[in-house]
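Geometric and topological summary
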Amino acid sequence: MPAGGFSAAPAGGVEFEAKITPIVIISCIMAATGGLMFGYDVGVSGGVTSMPDFLKKFFPTVYDKTQDPTINSNYCKYDNQGLQLFTSSLYLAGLVATFFASYTTRKLGRRPTMLIAGIFFIIGVVLNTAAQDLAMLIIGRILLGCGVGFANQAVPLFLSEIAPTRIRGGLNILFQLNVTIGIVFANLVNYGTAKIKSGWGWRLSLGLAGIPALLLTFGSLLVSETPNSLIERGRLEEGKAILRKIRGTDKIEPEFLELVEASRIAKEVKHPFRNLMKRRNRPQLVISVALQIFQQLTGINAIMFYAPVLFDTLGFGSDASLYSAVITGAVNVISTVVSIYSVDRVGRRVLLLEAGVQMFVSQVIIAIILGIKVKDHSEDLHRGIAVLVVIMICTFVSGFAWSWGPLGWLIPSETFPLETRSAGQSVTVCVNLLFTFAIAQAFLSMLCHFKYGIFLFFSSWVFVMSFFVFFLVPETKNIPIEEMTERVWKQHWLWKRFMDDNEEGAIEINGQKSQKKGHANGFDPVTQF
């Protein structure tokens, strides 16, 4: 990562000068703690749901099945809709909360929306930790889901808007890095609390989620609002001052003028979701929605949600399953760091395509191993076979972590124009949470019915999505957000057909179509919007 400044030159010839300032780095790190909270929620549920004391208190039928394996399929002992609801309710709540988060992100700003997310997280953690019955437990998870909806709406936008173009990808992936750190932290906590014999280990696991919740809450109080958001809400001088501060230079006039003009157009848009459906916005919408669907159909969250349960089902034994989950979580973190280093160097497409091959091969090998070695009533796996399964799962996780995990969020956040950015991000988060909910709610049942074939199911989708990337996802590396139309969409073999010049700039304002006007000097700073 370069330590000095750089200049990004838009197509019109005006340079956007920016230095990589400490305030940018600190703000992005603080904002990305929302990912830490999200990751901890993802990781903690799988470990908690495999703890006997937790199952005995909230899901006694599942507990009985785990204690009497002779009358239950090895693949089906955790198949319970209520148990799956404990995990999936968070994502269903996040889906609903996203609609409200879209409004607060636009009207109040990115920073207040992150603060709201932190408050939801804290209340949800308190309820989960003190839960006395299933209803209290689910309500706590729903409040955590509300926090996820607000955080996933605001944090990626914040990171994309505050980061200089050249390192936008790396800084944006800080969110995903924190997700992976949260997951491995949760796995380590679960590994320790599972050994507590007095029956309150699961409460400690759920309660320690308060640490990232507090980090996000206080972090949102310390960071600066993005210039885009301030200008969008009419606070021009404040936005200009913040832009100057985060760019580390006084030469911010071209970028400031572009943001002002883009904001003027965005303010006139009365129906952002309707404009999101316009023909010229279809490429961004299709790619963003497809990326979210495919991201979940890789099967990654099935592994992350239920890693201890999955490993236990495959015959690893309780301690070994938690230990294996820690290993996969650590691989997840390391591989995400690889993505931060490489995403702005080798590009988005290369990472997505390479990982597609890696994930496909590893899942097919896992399916073959399990099909041969794991039967309905098998004993623990032979040590060598178990190690091979863990290696293949780590291979799959690493491929996802440096590609589809972070890029599924990065690409949508950097491709939508300002007038549809909030609506586009809302749709992106909604689709992601909808399919996350579906996978979380269905995985244990799918495992029971598909058995080892579950990995063939997911690998077939990896095959399909790799073709989608090859033909339909363009490269956006080192391209300013404002330049996407000219330098990306108009150059693509398919998407250029949606960039009709007669329609370009046509947005719906009070029910009428309006064309954007260029500057007299021939450089139109908002052509890309």
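The name given to the protein in an unreviewed UniProt entry is Major facilitator superfamily (MFS) profile domain-containing protein, with Manihot esculenta as the source organism. Of the comments in the UniProt record for the protein, the one headed Sequence similarities (unreviewed entry) reads "Belongs to the major facilitator superfamily. Sugar transporter (TC 2.A.1.1) family." Quoted verbatim from the Subcellular location (unreviewed entry) field of UniProt, the annotation for the protein is "Membrane".

**Some thoughts on the state of the cysteines**
Scanning the model with the defined rule gives one disulfide in all. One disulfide in the model links Cys76 with Cys448; its S-S distance is 1.9 Å. On the sign convention where negative means left-handed, the S-S torsion of about 90 degrees between Cys76 and Cys448 marks this disulfide as right-handed. Remark: Cys448 occurs in helix 21 (residues 418-450) and Cys76 occurs in the loop between helix 4 (60-67) and helix 5 (81-107); sequence separation between them is 372 residues.

**Quick look at a nonpolar patch on the surface**
Among the surface-exposed residues, Val357, Phe360, Val361, Ile365, Trp461, Phe463, Val464, Phe467, Phe470, Phe471 and Trp493 lie close enough to one another that they form a single nonpolar patch of about 1000 Å² accessible area. Elements with a minimum of two residues in the nonpolar patch: helix 18 (348-373) and helix 22 (453-472). Here the nonpolar patch takes six residues from helix 22, the largest share from any one element. Within the fold, Phe471 resides in helix 22. Here Phe471 falls in the partly exposed class, since its relative accessible area comes to 40%.

**Some words on the packing of aromatic side chains**
Per the stated rule, a full pass over the model turns up 18 aromatic pairs. Here Phe360 and Phe463 contribute two aromatic rings whose centre-to-centre distance is 5.8 Å and whose plane-to-plane angle is 45 degrees, an arrangement assigned as tilted. Residue Phe360 is found in helix 18, and its partner Phe463 is found in helix 22; the two are separated by 103 residues along the sequence. Of note, Lys57 hangs over the ring of Phe58, and the distance from its end group to the ring centre comes to 5.7 Å. It is Arg349 that lies over the ring of Phe470; its NZ or CZ is 5.9 Å from the centre.

**Side note on the confidence of the model for the protein**
Summarising the model, the protein shows a mean pLDDT of 82, and 87% of its residues fall at 70 or more. The low-confidence segment residues 1-15 (pLDDT under 50) makes 35 contacts with residues lying over four places distant or belonging to another chain.

**What to know about the packing of helix 21 against helix 22**
Contact geometry of helix 21 with helix 22 gives a least axis separation of 8 Å together with a crossing angle of 125 degrees. In this view, helix 21 runs oblique relative to helix 22, as classed from their interaxial angle. Along its contact with helix 21, which presents Ile439, Phe443, Met446, Leu447 and Phe450, the element helix 22 presents Gly453, Ile454, Phe457 and Phe458. Across the contact of helix 21 with helix 22, the residue classes break down as eight nonpolar, one polar and no charged.

Basis of the calculations
Residues numbered from 1 in each chain as written. Predicted model: local features only at pLDDT ≥ 70, side-chain atom pairs only at ≥ 80, totals over all residues. Heavy atoms only, no water. UniProt positions renumbered as here; feature names shortened; annotations may be inferred. Disulfide = S-S within 2.5 Å. Helix = DSSP H or I, 4+ residues; strand = E, 2+ residues; numbered from the N terminus. Patch = residues over 30% accessible without salt bridge, like charges linked within 9 Å, V, L, I, M, F, W, Y side chains within 5 Å. Areas by Shrake-Rupley, 256 points an atom, 1.4 Å probe, with all protein chains shown as cover. Salt bridge = Lys/Arg side-chain N within 4 Å of Asp/Glu carboxyl O. Buried < 20%, exposed > 50% of the residue type's maximum accessible area, 1.4 Å probe, protein only. Phe/Tyr/Trp six-rings, centres within 6.5 Å; stacked < 30°, edge-to-face > 60°. Lys NZ or Arg CZ within 6 Å of the ring centre and 35° of its normal. pLDDT = per-residue confidence, 0-100. Contact = heavy atoms within 4.5 Å. Axes fitted to C-alpha atoms, helices over the stretch in contact; angles between N-to-C directions. Parallel < 35°, antiparallel > 145°, perpendicular 65-115°, else oblique. Nonpolar A, V, L, I, M, F, W, Y, C, P; charged D, E, K, R; others polar.

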